[in-house]
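Residue strings, one per chain:
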Amino acid sequence: MKRITMPLVASVVAGVVLAFPAFAAELKIGLQDDPDVLDPAQSRTFVGRIVYTAMCDKLVDVSPDLKLVPQLATEWTWSDDGKQLTMKLREGVKFHDGTDFNADAVVATIERNLTLPESRRKSELASVEKIEATGPLEVKFTLKSADATLVAQLSDRAGMIVSPTAAKELGADFGSKPVCAGPFKFVERVQNDKIVLEKFADYWDKDNIFLDKVTYLPIPDSTVRLANLQSGDLDFVERLAPSDAGTAKADANLTYADVVNLGYMSMYINVGNGPRADNPLGKDKRLRQAFSLAIDREAIAKVAFEGTAVAGNQPFPPSSPWFNKSLPVLGRDVEKAKALMKEAGVDRLPVELGASNSPIVMQVMQMIQAMVSEAGFDVSLKTTEFATLLDEQTAGNYQAARTDWSGRVDPDGNIHQFVTCKGGINDTKYCNPEVDKLLDEARQSTDEAVRKQKYDAATAILNDELPIIYFGHQSWIWAFKKSVTGFVPSPDGMIRLVGVKNAG
Amino acid sequence: MYAFIAKRLLVAVPTLLIISIFVFSLQKLLPGDPILAMAGEERDPQVLEYLREKYRLNDPVAYQYVAWLGSALQGDLGISLRTNQPVLHLIAQKLPPTIQLAVMSMVFAILVGVPMGILAATRKNTVFDYVASIVALSGLSIPNFWLGIMLILLVSVQLGWLPASGYESIFVDPVKSIKTMLMPSFVLGTGLAATLMRHTRSAMIGVLTSDYIRTARAKGLPERAVVLEHSFRNALLPIITLGALLFGELLAGAVLTEQIFTIPGFGKLIVDAVFNRDYAVVQGVVLCTAVGFILMNLIADILYVLLNPRMRAAL
């Protein structure tokens, strides 16, 4: 209560005395984990993006049907060669500290993302040669080479414009008191405990903001998160475990929502990352095909994820417009898998499969272990915690490893960096010049039909060579009180608070 | 007495030094690269290199340790790799919930465990003794995370009596603070109460069968005086040792209990720090815990002296 300032106290008192007391609408949101540093240039966690959605507006937003829509930029145009992007900016926008939003602020933020030594946005903005203000409310990006994915990058942290005043003052310490231009401003944070935001009175779209205060509480255990919602301590929870979905649906006081996410679940096969790739599975694609054929993807989605996940075989879910329809998700075929094994001259093949040690991951891995054993794979599971797994994958110290990806709006973000020869997160070290060419071309074209054709060609090759075996797509699962209205589930998993009301 | 305390505090210095060296080296043996963990999806080699330099991860381990020790002696425990917050600030934030949980659990454990142990000892091999033993064994065997979730579902969701989880500072809202902490300290306290009960019982049985107790009874003292004044005071010594050790452990954070009830204390801090290879935070928390442990031991020793006149003579 120390935080309540005199004007606020005064206005509350005045409200009580003068009129019917206005009921302050608050929303308490239970998060699965605690965000890392709250600086859009430095942060790296998915959960951090959820908080930014309320605090930091971006140049571009993503609609629930995954279209890129205006936010701080009102319109944008590409030059004919695809190397220049001009954006018109919204008028009358202010940052939380009162600084005006304009072209200079955008230039300062993008340059900060490109030059701050601690910035984690450099890869995302790698194609940007320079940015300049071409008017008080217009900026122009000049690119090193055509990059159609840039607009999508600007719909995430790379496009969150921060107050130049605060950024200058705090530098790399910006996360201690972030100042953006979103509907809610930062009040306080206690690590592992809470993040408190309050309504920003000068928000450009303030008429659609119906909450006065938002509190995010990290509660790692899904069952406890749900119990807090049921007992009334929370109004809203995100990322419920599939095992809790049934309870949430059955509770008459709650609204349940889920949507298949943008990411995928997969297994990496080490095909070229150091000496550990020198094994039959890494060298012979027929064995990888056999492994993939032996997996019953539907069963995993139905059993381990209680029907909330969908089976998949590509970096994009079957519901995505980028899904290659000529490669449907096939059912399990043990006979064909055995035939492929025989063709490769292998009777039984030992495989070491790394996985992180969470219960649901283990459950899935044990299912896969049992399924592929029928085709002739003797899988030994090697479980470590996540940081170790990540380290071993990067270093190539693995034969096969389970990895998930949270997904990106632009298809490029789900595929390019994982399978191109020099891709930043290519831990299988798969390298095929033809795939590189297709994915580079897809990145450079602003014509969706051309891009789709390139992705289809690339996924066809990948589906044959299988450096990454995709097996499904999870859902984001939310639950909230019946008093909460106006929430629109989005495949990107974000909690957008524009239009959300809490009557309770 | 003061000389005794001073001597003990002096011995604590090398102990802390050894602990810090030990923890520092153990961390370096862990697989996993903190920079990769904190870089996330950004793999720009320049960024990774800059971060390695900034956090001195390129220096030899011995040099890193000396650098850490140097700043630690000046009161700077470094900054968290994960959140960029100073470690000292994090510790100051997490210490109050941990202490509150530890104190409340311990109070519960003592109020339940010690009387139960005394009663079980005086009624040895009766129905009460057996029931108490079964209850104690159950308290020890039921896993905290299970008991915690069951309690949340019953007390918070079904009955709506207490908040399901979270933390409120006792200085801000004492009533709410105690209410939120009731379930966690009960969960944590049951195991401790069981341990205390078993030890109190065996210590009491030992004392109750000694000669001077028979004498006390023979000269006609009431049973109440025999048990509480003559026996219990002598049985207290091992109980205090145990209690101090248990309390020291509580200060290190009760990981599972904190996780279930989402209490922002030491346990959660250190688990997160280990998973993220947040070296400075692990180092700082372990150091702080070690200090707590040493202090608890010292307090136990002082209580010994106060309770046992023979030890006063030995000083």
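Residues numbered from 1 in each chain as written. Chains lettered and ligands numbered in written order. Predicted model: local features only at pLDDT ≥ 70, side-chain atom pairs only at ≥ 80, totals over all residues.

Looking now at the overall build of chain A. The number of helices and strands found in chain A is 16 helices and 21 strands. Relative to the compact-globule value of 23 Å for 504 residues, chain A shows a C-alpha radius of gyration of 24 Å, a close match. The principal-axis extents of the C-alpha atoms in chain A amount to approximately 85 × 55 × 35 Å. Contacts spanning at least 24 positions in sequence make up 69% of the contacts within chain A whose residues lie at least 6 apart. (Helix = DSSP H or I, 4+ residues; strand = E, 2+ residues; numbered from the N terminus. Rg over C-alpha atoms; globule rule 2.2 N^0.38 Å. Contact = placed C-beta atoms within 7 Å.)

For the rest of this paragraph, the subject is the pairing of strand 7 (residues 138–143) of chain A. All names here are of chain A. With burial as the criterion, only one face of strand 7 is covered, namely that bearing V139, F141 and L143; the residues E138, K140 and T142 on the opposite face remain uncovered. Inspection of the sheet shows strand 5 (residues 84–89) paired to strand 7 by five bridges, in the antiparallel sense. Each bridged residue has a counterpart across the sheet, and for L85 the counterpart in strand 7 is F141. The pairing of strand 6 (residues 128–135) with strand 7 spans six bridges and is classified as antiparallel. Of the residues in strand 7, the one forming a bridge with I131 is F141. (Buried ≥ 20, exposed ≤ 12 C-beta atoms within 10 Å, placed from the backbone. Pairing = 2+ DSSP bridges.)

A separate point is the domain arrangement of chain A. Residues and elements named next belong to chain A. In terms of domains, chain A is made up of domain 1 (58–167), domain 2 (184–261 + 476–502) and domain 3 (264–473). Placing a centre on the C-alpha atoms of domain 2 and another on those of domain 3 gives a separation of 33 Å. Across the boundary between the two partners, domain 2 contributes ten residues, which contact ten residues of domain 3. Counting residues per element, the ones that place at least two in the side of domain 2 that touches domain 3 are helix 7 (242–250) and strand 12 (254–260). In the side of domain 2 that touches domain 3, the residues fall into five nonpolar, three polar and two charged. (Domains from an automatic or database assignment. Nonpolar A, V, L, I, M, F, W, Y, C, P; charged D, E, K, R; others polar.)

Another aspect to go through is the interface of chain A and chain B. Taken together, the 36 residues of chain A in the interface contact 43 residues of chain B. At the level of elements, helix 6 (222–230) and helix 13 (386–395) of chain A are the ones that each hand at least two residues to the side of chain A that touches chain B. Per-element tally for the side of chain A that touches chain B: the top contributor is helix 13 of chain A, with six residues. In terms of residue class, the side of chain A that touches chain B is made up of 13 nonpolar, twelve polar and eleven charged.

We now examine the confidence of the model for chain B. Atomic detail in the predicted coordinates should be set aside for any region of low pLDDT. The predicted model of chain B averages 85 in pLDDT, with 97% of residues at 70 or higher. Overall fold confidence (pTM) sits at 0.85, and the ipTM for the predicted complex is 0.78. (pLDDT = per-residue confidence, 0-100.)

Our next topic: the sheet that holds strand 6 of chain A. Strand-to-strand pairing in sheets goes through backbone hydrogen bonds, with the strands running parallel or antiparallel. Residue and element names in this part refer to chain A. Strand order in this open sheet of four strands is 4-5-7-6, and the pairing throughout is antiparallel. Each having just a single partner strand, strand 4 (73–78) and strand 6 make up the two edges of the open sheet. Mean inter-strand twist for the sheet, computed between neighbouring axes without regard to direction, equals 20°. Against the sheet, helix 3 (residues 103–115) makes contact with strand 5, strand 6 and strand 7, and its axis sits at roughly 170° relative to strand 6, the strand it touches most. (Axes fitted to C-alpha atoms, helices over the stretch in contact; angles between N-to-C directions.)

On to the environment of P136 of chain A, then. Residues and elements named next belong to chain A. Here P136 shows up in the loop between strand 6 and strand 7. Overall, P136 belongs to the exposed group, with 11 C-beta atoms counted inside 10 Å. The spatial distance from the C-alpha of P136 to the C-alpha of D104 is 7.6 Å, given a sequence separation of 32 residues.

Let's shift gears to unusual backbone geometry. Within the chain, K429 of chain A stands out as a residue other than glycine whose phi angle is a positive 55°. Inspection of the secondary structure puts K429 of chain A in the loop between helix 14 (412–419) and helix 15 (433–444). Using a count of 18 C-beta atoms within 10 Å as the deciding quantity, one classes K429 of chain A as partly exposed. A positive phi angle is found at N125 of chain B, which is not glycine, with a value near 60°. With respect to the secondary-structure elements, N125 of chain B resides in the loop between helix 5 (87–122) and helix 6 (127–141). Looking at N125 of chain B, the number of C-beta atoms within 10 Å reads 8, which means it is exposed.

The next subject is the sheet that holds strand 18 (residues 468–473) of chain A. Residue and element names in this part refer to chain A. Strand order across the open sheet formed by six strands is 14-18-13-17-15-16, with mixed pairing between neighbours. Because the sheet does not close on itself, it has two edges, and the strands there are strand 14 (310–311) and strand 16 (377–384). Bridging between strand 13 (residues 264–269) and strand 18 involves four bridges; their strand directions are antiparallel. What sits directly across from S266, in strand 18, is Y470. Running at roughly 130° to strand 15 (residues 349–356), helix 13 makes contact with strand 13, strand 15, strand 16 and strand 17 (400–405) of the sheet.

A few words now on the environment of T241 of chain B. As for its placement among the helices and strands, T241 of chain B is situated in helix 10 (residues 223–251). In the structure, T241 of chain B is positioned 124 residues away from G117 of chain B in sequence and 16 Å away in space, judged by C-alpha atoms.

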